[in-house]
Amino acid sequence: VDPNNIVGKVLRRVVRSPRHPTITLQFADSTVFQIQVEGYHPNPSLQGIPKELEMDSSLDNIMSACGNGQSTIDLLISDCALVRLTDKAFETKVRQERWDQNHLGLALKFDGDPAWHCVWAVVVEHDREEGGHETFRSYEDVYLQPISPPASPSKPR
């Protein structure tokens, strides 16, 4: 979906999934969108290497202030775009390799805040025997997906 679809909307809640690499954005007009990872499959047997969403620290602070959907915020989205990022990917288990990897991130700008805030996806493996340090890091594209809001329960007559 075109990120411009959320420009002009007031962000009310932000919820990060504890099980899947998704962030749900709930808006004042009752529309709901998710930031999702390209190629991610919710079935554990088809997930492959774990994928995670990362973001800049200022956006992480905004999301933390929202209490993972427990409290509301009122932030007007003044701009939103998919941006091409280039990061260093690496593999250290077999070969000591590093390479530049291009990927898409989602950049958000809030009214009254001159800074852009970005969300991107990583694919990470950790060494279980060597203190848990990263042995592989790569990147995936993210995208914005509209989600149907949950149906409200019908009222008994």
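Quick note: structure is the one above.
Rules behind the numbers
Residue positions are counted from 1 within each chain, in the order its sequence is given. Note on the predicted model: pLDDT of at least 70 is required for a residue's local features to be given, and 80 or more for side-chain atom pairs to be given and counted; whole-chain, interface and lining totals, by contrast, use all residues. In computing side-chain values, all of the structure's heavy atoms are included and hydrogens and water are not. Runs of H or I in DSSP of at least four residues are treated as helices and runs of E of at least two as strands, each being numbered from the N terminus. Burial classes follow relative accessibility: with a 1.4 Å probe on protein chains only, a residue under 20% of its type's maximum area counts as buried, one over 50% as exposed, and anything between as partly exposed. Contacts were defined at the residue level, with two residues in contact if any of their heavy atoms lie within 4.5 Å. Pairing of aromatic rings covers Phe, Tyr and Trp, the last through its six-membered ring, and needs centres within 6.5 Å; plane angles under 30 degrees mean stacked, over 60 mean edge-to-face, and all others mean tilted. In this text, buried Ala, Val, Leu, Ile, Met, Phe, Trp, Tyr and Cys residues form a nonpolar core when linked through side-chain atoms within 4.5 Å. Definition used for salt bridges: Asp or Glu carboxyl oxygen within 4 Å of a side-chain nitrogen of Lys or Arg. The term polar contact refers here to a pair of N or O atoms within 3.5 Å; inside protein, the definition further demands a hydrogen-donor-capable atom paired with an acceptor-capable atom, and it admits residues adjacent in sequence only when both atoms are side-chain atoms. The definition used for a disulfide is geometric: two cysteine sulfur atoms within 2.5 Å.

With that settled, consider the overall build of the protein chain. Counting its secondary structure elements, the protein chain contains 1 helix and 9 strands. Along the protein chain, helices and strands appear, N-terminal first, in the series β-β-β-β-α-β-β-β-β-β. A burial count over the protein chain gives 36% of its 157 residues as buried. Excluding contacts between residues fewer than 6 apart, the proportion of contacts in the protein chain whose partners are at least 24 apart in sequence is 59%.

Two numbers describe a pair of aromatic rings. These are the distance of the centres and the angle of the planes. On inspection of all chains with the given rule, the structure shows 2 aromatic pairs. Geometrically, the ring pair formed by Phe 27 and Phe 33 is edge-to-face, given 6.0 Å between the ring centres and 80° between the ring planes. Phe 33 carries the same exposure label as Phe 27, and that label is buried. Pairing Trp 99 with Phe 136 gives two aromatic rings, centres 6.5 Å apart and planes at 45°, and the pair type is tilted. In this pair, Trp 99 sits in strand β6 (residues 97–110) while Phe 136 sits in strand β8 (residues 134–140), placing the two residues 37 residues apart along the sequence. Take Trp 99: its relative accessible area is 28%, and that puts it in the partly exposed class. Classification of Phe 136 by relative accessible area gives buried; the value is 17%.

Attention now moves to the nonpolar core. By size, the foremost hydrophobic cluster in this structure holds 26 residues, and its most contacted members are Ile 6, Ile 23, Leu 25 and Ile 35. Judged by nonpolar contacts, the second largest core, of 6 residues, contains Ala 89, Cys 118, Val 122 and Tyr 139.

For the structure on display, the rule yields 6 salt bridges. Look at the salt bridges and you will find they share partners, linking Glu 54, Glu 134 and Arg 137 into a network.

What follows concerns the environment of Arg 84. Among the secondary structure elements, Arg 84 is positioned in strand β5 (residues 75–91). We classify Arg 84 as exposed; its relative accessible area is 53%. For the pair formed by Arg 84 and Gly 105, sequence separation is 21 residues and the distance between their alpha carbons is 6.5 Å.

Turning to unusual backbone geometry, a few remarks are in order. Despite not being glycine, Ser 30 shows a phi value in the positive range, around 75°. Note that Ser 30 resides in the loop between β2 (23–27) and β3 (32–37).

Right, let's talk about the side chain of Gln 101 for a bit. Looking at where Gln 101 falls in the secondary structure, it is placed in strand β6. Within the structure, Gln 101 has its side chain in polar contact with the backbone oxygen of Tyr 139 (distance 2.9 Å). If sequence neighbours within four positions are ignored, Gln 101 has contacts with Leu 85, Thr 86, Asp 87, Ala 89, Ser 138 and Tyr 139.

If you walk through the whole model with that rule in mind, you get 0 disulfides. The thiol of Cys 80 is not disulfide-bonded; the next cysteine sulfur, from Cys 118, is found 9.7 Å away. Judged by its relative accessible area of 3%, Cys 80 is buried. With a relative accessible area of 13%, Cys 118 lands in the buried category.

Scope: geometric values only; no functional claims are made or implied.
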